[in-house]
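# Per-entry structural report
Listed here are the chains, written in short residue letters.
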Amino acid sequence: MTEPDIWDERVAGAIAALRQRLTGDYEVDEFGFDKHLTDSVFLPLLRPLYRNWFRTEVVGAENIPTEGGALVVANHSGTIPLDAVMLAVGVHEAAQRYLRLLGADLLFRMPVLSELARKGGGTLACNPDAERLMRAGDLVGVFPEGFKGVGKPFADRYKLQRFGRGGFVSAALRTGVPIIPVAIVGAEESWPVLAKVTALRAFGAPYLPIPASPVPLPVRYHLRYGPPLRFAGGPDAAADPTAVAIAAREARTALEQLLDGACAARDGVFR
Amino acid sequence: MSDGTPARKRRAAPAKSPGSGRATRRSKPSPQAARPAVVVVTGVGRYLGARVAARLAGDPAVGRVIGVDSAPPSPELARDLGGVELRESQLRTGELLKLFGTADVTAVAHLAVATSPDPQRGGRAAMKESNVIGTMQLLAACQQAPRLRKLVVRSSTAAYGASFRDPAVFTEDTEPRDVPRGGFARDVLDIEGYVRGFCRRRPDVAATVLRFAPFIGQQAETRLSRYFSMSVVPTVLGRDPRLQFVHVDDALEVLHRAIVEDHPGTFNVAGRGVLTLNQAIRRAGRVAAPTLEPGLSGVAAFAKRSGMVDFSLDQLDLFVHGRVVDTDALVREFGFEPRTSAEAFDEFVRAQNPGPLRPQRLREAEKLILEQIRRARAALESSSSDD
């Protein structure tokens, strides 16, 4: 056998990875991000979904900075926040960087999901965490619509809901990183909400969404990255409500334009 | 924690630039250098207090070391306490005042802070009594010690609590979202509150509050080391909390520097980096036994009643949500970097009896499995090429 035995390499690699898991021979960062698990399990599992099921089309990938901190701001939709996961896969495909997603506290209350979120690079949506990550030069992903976006009715698709209180903008201003708006189109049609069960409020969940189909429909995903928005003023501006509001409006307008452009550009939801 | 930045006082002119910290081991001669320092160490009956007192006694910059505890140190600990004047006493203002009056005390290291109730010493009620009331009485005595210039207090990162609404990394000025439900954590908050009050009344005393992560090390037997020595380790199902440790030797180093040097303020003391609970269990070669959270509370309560293991509620919250602190302030101010959490834990593991799933065995198993697969493939290939 003169040519390298790919099959043998794969088997050896898989067994070695398993042994590393079993002996705890891997590193976890202070937020709980497990690069080893993300590279060897999460990304390989999610890539087929991104490439083959949603056949994601990307515009403006060059807008993702190749290094340094940045805040990626996207619209949110789709019953179960699959769009967030797809965005993280998309950023890794396009720039080989890990998108550190900010999640609601509800997510971190729940067992299993909270740990999956942390191991995949997520952390609680709060300014100390976001700023710490961006100062360390990480890409942070945020969905200012939050639950309002995930549970919006089908008729309101691609209309931005409440856009947070500008906390994410002040974090970007304070750390001096650019904001990169991203429109995610396709997620709204892939898993529309049929009904919301609110009887579960007692358990701490805002509602239980009933999706219209058992699996997400194989619509085509479109990710459209906008040019980085940089704001003057720096750390001082972060404490100024007017400056924060202006920057938030600018980010919102940029995201709305991207959304409109991406929606207009596609012909047919599935094609 | 009513006001955000406890006991933090920065000197107007920093004595040394942050970068050169590692080089300056001893601070420049302080005003007390003319008369040698007299240090009172509380809690010398336990490992940490005894080690700190023994090291201080060996330091030429320290004149006298007086060790106070309600119980005498074990013979093993007492061996190293040759240079320490031992006083068997509860922390009571009256008795301490007598001591402070006769000894001209210049520094107090308050280490008599129990992390868990000791059934032999009266359980939780006695623990709270000694932690909270003891600190109160000690500080009342300190207030009337005219030559006192330094107070070092052992605190804990438990002060931050642990909840899903907390940021991932606590800095010294993070306030806990929820009042911690564990007894020890509440004691710690009370103690830090008293220290803040004391600092307002005696601004001439430089107070250092050290918030330690859980201790781990080769010799010191801690609650945590007992936990990780079980062959089957109970964990919370669906949770893999981020943990930090500090090596006992590094904790001793930081305490010593805090006493002989000048580092006022509140500092987190932990090893950089993180191990998750499952990762730590795997590194120790043990087997995790995931338990449902309500079930674990019951197990904890039962174990506590039967006196098998003490497993308190703050411990439980820690094992659900984890706790990570930022140590930049410590490294900058002390010019000392404790070994990382992973290094500290690995040193502890090496000193232990290895668990059933030790890395060596798994590495051998890996080799064996790979060889089997290769042999099977080779056999398959040769049989197919025969056709």
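Because the structure is predicted, anything quoted here is derived from the model rather than measured.

## Comments concerning the overall build of chain A
- When helices and strands are counted, chain A shows 11 helices and nine strands.
- A compact globule built from 271 residues would reach a C-alpha radius of gyration of about 18 Å, and chain A, at 19 Å, matches this within 12%.
- Along the first, second and third principal axes, the C-alpha set of chain A runs to 65 × 45 × 45 Å.
- By residue count, 42% of the 271 residues in chain A fall in the buried class.
- Taking all contacts inside chain A whose residues are at least 6 apart in sequence as the whole, residues at least 24 apart take part in 77%.

## Focus on the overall build of chain B
- Scanning chain B from N- to C-terminus turns up 13 helices and 13 strands.
- Counting the 387 residues in chain B, one finds 44% classified as buried.
- Within chain B, counting contacts between residues at least 6 apart in sequence, those at least 24 apart form 82% of the total.

## Some thoughts on helix 1 (residues 6-22) of chain A
- Between its first and last C-alpha atoms helix 1 of chain A spans 24 Å; for 17 residues at 1.5 Å apiece the expected length is 24 Å, and the two agree.
- Backbone geometry just downstream of helix 1 of chain A places Gly 24 of chain A in the positive-phi region, at approximately 70°.

## Observations concerning the sheet that holds strand 1 (residues 37-42) of chain B
All names here are of chain B.
- Taken in spatial order, the seven strands line up as 3-2-1-4-5-6-11 in an open sheet, and their pairing is parallel. Looking at strand neighbours, the two that pair on one side only are strand 3 (85-88) and strand 11 (265-269), the edges of this open sheet. Averaged over all adjacent pairs, the angle separating strand axes in this sheet is 20°, with direction ignored.
- Here strand 1 runs beside strand 2 (residues 62-69); their pairing, made up of six bridges, is parallel. Across the sheet, the residue bridging to Val 41 is Gly 67, located in strand 2.
- Strands strand 1, strand 2, strand 4 (107-110), strand 5 (150-156), strand 6 (206-212) and strand 11 of the sheet are contacted by helix 7 (residues 248-260), whose axis makes an angle of about 170° with strand 6.

## Considering the environment of Ile 80 of chain A
Residues and elements named next belong to chain A.
- Relative to the helices and strands, Ile 80 is located in the loop between strand 2 (70-74) and helix 3 (82-95).
- Looking at Ile 80, the number of C-beta atoms within 10 Å reads 14, which means it is partly exposed.
- Note: C-alpha distance between Ile 80 and Phe 154 (74 residues apart in sequence) is 14 Å.

## Details of helix 7 of chain B
- Compared with an ideal rise of 1.5 Å per residue, which puts 13 residues at 18 Å, helix 7 of chain B spans 18 Å between its outermost C-alpha atoms and is within 8% of the ideal.
- Those residues of helix 7 of chain B that sit buried are Val 248, Asp 250, Ala 251, Val 254, Leu 255, Arg 257, Ala 258, Ile 259 and Val 260 of chain B.

## A look at the pairing of strand 4 of chain B
All names here are of chain B.
- Because side chains alternate across strand 4, one face comprises the buried residues Ala 107 and Ala 109, and the other comprises Val 108 and His 110, equally buried.
- Across four bridges, the pairing between strand 1 and strand 4 is parallel. By the bridge assignment for strand 4, Val 41 is matched with Ala 109.
- As paired strands, strand 4 and strand 5 are joined by four bridges and run parallel to one another.

## Observations regarding the interface of chain A and chain B
- Chain A puts 27 residues into the contact, and the matching count from chain B is 26 residues.
- Counting residues per element, the ones that place at least two in the side of chain A that touches chain B are helix 1, helix 4 (105-109), helix 5 (113-119), strand 4 (123-124) and helix 6 (127-135) of chain A.
- In terms of residues, the side of chain A that touches chain B owes the most to one element, helix 1 of chain A, which gives seven residues.

## As for the confidence of the model for chain B
All names here are of chain B.
- Looking at chain B, pLDDT values average 83 and 84% of them are 70 or higher.
- Here residues 1-34 is modelled with pLDDT under 50, and outside its nearest four sequence neighbours on either side it reaches 42 contacts, counting other chains as well.
- In the predicted assembly, ipTM is 0.87 and pTM is 0.86.

## Details of the nonpolar core
- The biggest cluster of nonpolar side chains holds 158 residues, and the ones touching the most others in it are Leu 71 of chain A together with Val 39 of chain B.
- If one sorts the elements of this core by residue count, helix 11 (residues 241-265) of chain A sits on top with nine residues.

## Here we look at unusual backbone geometry
Residue and element names in this part refer to chain A.
- One non-glycine residue, Arg 55, adopts positive backbone phi at about 40°.
- One non-glycine residue, Tyr 158, lies in the positive phi region at around 60°.
- With respect to the helices, strands and loops of the structure, Tyr 158 is situated in the loop between helix 7 (147-150) and helix 8 (167-175).

## Things to note about the sheet that holds strand 1 (residues 57-59) of chain A
Residue and element names in this part refer to chain A.
- The strand order across the open sheet formed by seven strands is 1-9-6-2-5-3-4, and the pairing between neighbours is mixed. Every other strand in the sheet has two partners, leaving strand 1 and strand 4 as the edge strands with one partner each.
- Across three bridges, strand 1 lies against strand 9 (residues 222-225) in parallel orientation. What sits directly across from Glu 57, in strand 9, is His 222.
- Across the sheet, helix 8 lies against strand 2, strand 5 (139-142) and strand 6 (179-185), angled at about 160° from strand 2, the strand it touches most.
- Across the sheet, helix 11 is in contact with strand 2, strand 6 and strand 9; its angle to strand 6 comes to roughly 30°.

## Things to note about the confidence of the model for chain A
- For chain A, per-residue confidence averages 87 on the pLDDT scale, and residues scoring 70 or more make up 93% of the total.
- Here helix 7 of chain A stands out as the least confident element of chain A, with mean pLDDT 72; strand 5 of chain A is the most confident, with 96.

## Considering the packing of helix 8 of chain A against helix 11 of chain A
Residues and elements named next belong to chain A.
- Relative to each other, helix 8 and helix 11 sit at 110°, their axes nearing to 9 Å. With respect to their mutual orientation, helix 8 and helix 11 come out roughly perpendicular. Contact with helix 8, carried on its side by Val 169, Ser 170 and Leu 173, involves Val 244, Ala 247, Ala 248 and Ala 251 of helix 11 and no other residues of that element.
- Among the residues making up the contact of helix 8 with helix 11, the classes are represented as six nonpolar, one polar and no charged.

## What to know about the packing of helix 6 of chain A against helix 8 of chain A
All names here are of chain A.
- The geometry of helix 6 relative to helix 8 is characterised by a closest axis approach of 9 Å and an angle of 35° between their N-to-C directions. Regarding helix 6 and helix 8, the two cross each other, and that crossing is right-handed. Note on element contacts: helix 8 touches helix 6 through Gly 167, Phe 168, Ala 171, Arg 174 and Thr 175, opposite Asn 127, Ala 130, Glu 131, Met 134 and Arg 135.
- Looking at the contact of helix 6 with helix 8 residue by residue, the classes come out as four nonpolar, three polar and three charged.

## Focus on the environment of Val 59 of chain A
- Structurally, Val 59 of chain A can be placed in strand 1.
- Judged by the 16 C-beta atoms lying within 10 Å of it, Val 59 of chain A is partly exposed.

## A closer look at the environment of Pro 203 of chain B
All names here are of chain B.
- For Pro 203, the position within the fold is in the loop between helix 5 (183-201) and strand 6.
- Pro 203 sits in the exposed class, given 10 other C-beta atoms within 10 Å.
- As for Pro 203 and Arg 149, which are separated by 54 residues in sequence, their C-alpha atoms are 9.4 Å apart.

So, how was this worked out
- Within each chain, residues carry numbers counting from 1 in the order of the written sequence.
- Numbering of ligands from 1 and lettering of chains from A proceed in the order in which they are written.
- Residues qualify for local features only when their pLDDT is at least 70, as the model is predicted, and side-chain atom pairs are given and counted only at 80 or more; totals for whole chains, interfaces and linings, by contrast, use all residues.
- Only DSSP runs of H or I covering at least 4 residues are called helices, and only runs of E covering at least 2 are called strands; the numbering of each starts at the N terminus.
- Computation of the radius of gyration draws on C-alpha atoms, with the globule rule given as 2.2 Å multiplied by the number of residues to the power 0.38.
- The exposure scheme places C-beta atoms from the backbone and then counts, for each residue, the other C-beta atoms within 10 Å of its own, assigning buried at 20 or more, exposed at 12 or fewer, and partly exposed in between.
- Placing C-beta atoms from the backbone, we regard two residues as in contact once those atoms come within 7 Å.
- What a helix should span is 1.5 Å times the count of its residues minus one.
- The pairing criterion for strands is at least two bridges between them, as found by DSSP.
- Orientation is described by axes fitted as lines to C-alpha atoms, over the contacting stretch for helices, and by angles from 0 to 180 degrees between their N-to-C directions.
- pLDDT expresses, on a scale from 0 to 100, how confident the predictor is about each individual residue.
- Only buried Ala, Val, Leu, Ile, Met, Phe, Trp, Tyr and Cys residues enter a nonpolar core, and they are joined through C-beta atoms within 7 Å.
- Angles are sorted into four bins: roughly parallel if under 35 degrees, roughly antiparallel if over 145, roughly perpendicular if 65 to 115, and oblique for all others.
- By the convention adopted, Pro, Cys, Tyr, Trp, Phe, Met, Ile, Leu, Val and Ala count as nonpolar, Lys, Arg, Asp and Glu as charged, and the other residues, Gly among them, as polar.
- We call a crossing left-handed when the near helix sits turned anticlockwise from the far one by less than a right angle, and right-handed when that turn is clockwise.

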